[in-house]
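# Understanding the architecture of this molecule
Residue strings, one per chain:
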Amino acid sequence: MKHCIITGSNRGIGLELTRAYLDRPDWHIHACCRAPEKADDLRQLVTNHLGRVTLHKADVTDQASLDAMAGRLEGQAIDLLINNAGIMGGDRQSIDDMDYDAWSHVFAVNSMAPMRVVQSLLPNLKAAARETDGAKIVTISSQLGALSYQSKGRYAYRSSKAAVNMVMKLMAADLKPENIACILFHPGWVQTDMGGVEADITPQDSARQMADVIDRLTLEDTGSFLNWTGDPHDW
Ligand code: NAP
């Protein structure tokens, strides 16, 4: 059995990524969310797929909660980590009006937490990388973090995704010798609470296509920024 861990798995893209890996019979999914007791869809998946999903309570900005999760997972090889949890950060992020406290929190969730989660689970990822043909770290970024993407506003969100792109580039270089690949995705404009109902694609389409791409990734791809379709994304 291969093991993957997905943050923010209680709704949106994270929930559909969980479903996409449940469709792969050789995967066990460690589904992380802040409030498992309220995560009805996830709890239903646990019931419907006995022994395939483990729920973990984890706030990705809270080191103590990540340490506790890492403690529960001690000795468990993790083949795939998906850093999916993310926030937009509210409306006050324009040239005229910036909420600086909110901006700090967006950085904590979108830019720093993926590093926190990786550091917490590095022994697990290294164990998988030693035992198999390699482990993978996938981080869900956004086209809004690409410096090449021409548009306005959303200073906090866009700068946080640009920052996590750099974090993952650095990590790709550090972890390549460990046989761990680090990949960034733009998941599309997706119909979730964040993307809204007008968005282009469903979370099911986004998640299933990304999972198909992730299946094919190798260490040669490390440091890439990809669309949900697998095509390269401009930086
Ligand atoms: P969403 O429906 O708003 O879901 C966000 C998820 O992140 C929720 O599960 C939420 O949990 C979790 N989360 C937020 N803060 C957290 C924290 N501190 N600790 C743990 N979990 C936390 O958004 P989505 O559209 O699925 O987005 C998923 C990822 O895709 C994000 O990184 C987002 O930036 C990226 N993305 C989305 C789009 C789009 O069009 N939707 C486009 C580009 C990139 P709670 O339920 O507890 O709040």
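Below is a summary of the structure that appears in this document. For clarity, every value in this text was computed on a predicted model and none was experimentally measured.

We now examine unusual backbone geometry. Unlike most non-glycine residues, R154 shows phi in positive territory, near 55°. Looking at the element boundaries, R154 is found in the loop between β5 (135-140) and α5 (155-175).

Okay, the packing of helix α3 (residues 63-72) against helix α4 (residues 100-131) next. Geometry of a packed helix pair, given as the angle between the helix axes and the separation of the axes. Put simply, α3 and α4 touch, their axes get as near as 9 Å, and they point 30° apart. On the basis of the axis angle, α3 is roughly parallel to α4. The two elements α3 and α4 meet at a crossing, and its hand is right-handed. For the pair α3 and α4, the contacting residues are Q63, L66, D67, M69 and A70 in the first and R116, V117, S120 and L121 in the second. By residue class, the composition of the contact of α3 with α4 is five nonpolar, two polar and two charged.

Bringing the state of the cysteines into the picture now. In protein chemistry, a disulfide is the covalent bond that joins the sulfur atoms of two cysteines. With the rule as written, the count across this model stands at zero disulfides. This cysteine, C32, is not joined by any disulfide, and C33 carries the nearest cysteine sulfur, 7.8 Å off.

Our next topic: α5. The end-to-end C-alpha distance of α5, which contains 21 residues, comes to 30 Å, matching closely the 30 Å that a straight helix rising 1.5 Å per residue would cover. Within α5, burial applies to A156, Y157, R158, S160, K161, V164, N165, M168, M171, A172 and L175. Lining the buried residues of α5 we find β4 (80-83), α4, β5, β6 (180-186) and β7 (225-227).

To continue, consider the pattern of salt bridges. In total, this model carries nine salt bridges according to the counting rule given. In this structure, R11 and D193 form a salt bridge, with 2.7 Å as the shortest nitrogen-oxygen distance. Highlighted residues: R11 in the loop between β1 (2-6) and α1 (12-22) and D193 in the loop between β6 and α6 (203-216), separated in sequence by 182 residues. Taking the relative accessible area as the measure of exposure, R11 reaches 47% and is therefore partly exposed. A salt bridge links R92 to D99; the shortest N-O distance between them is 3.7 Å. Among the charged side chains, a salt-bridge network with shared partners connects R24, D212 and D215.

Thresholds, definitions, all that
Residues numbered from 1 in each chain as written. Predicted model: local features only at pLDDT ≥ 70, side-chain atom pairs only at ≥ 80, totals over all residues. Heavy atoms only, no water. Helix = DSSP H or I, 4+ residues; strand = E, 2+ residues; numbered from the N terminus. Axes fitted to C-alpha atoms, helices over the stretch in contact; angles between N-to-C directions. Parallel < 35°, antiparallel > 145°, perpendicular 65-115°, else oblique. Left-handed = near helix turned anticlockwise from the far one by under 90°. Contact = heavy atoms within 4.5 Å. Nonpolar A, V, L, I, M, F, W, Y, C, P; charged D, E, K, R; others polar. Disulfide = S-S within 2.5 Å. Expected span 1.5 Å × (residues − 1). Buried < 20%, exposed > 50% of the residue type's maximum accessible area, 1.4 Å probe, protein only. Salt bridge = Lys/Arg side-chain N within 4 Å of Asp/Glu carboxyl O.

These figures come from the coordinates and say nothing about function on their own.
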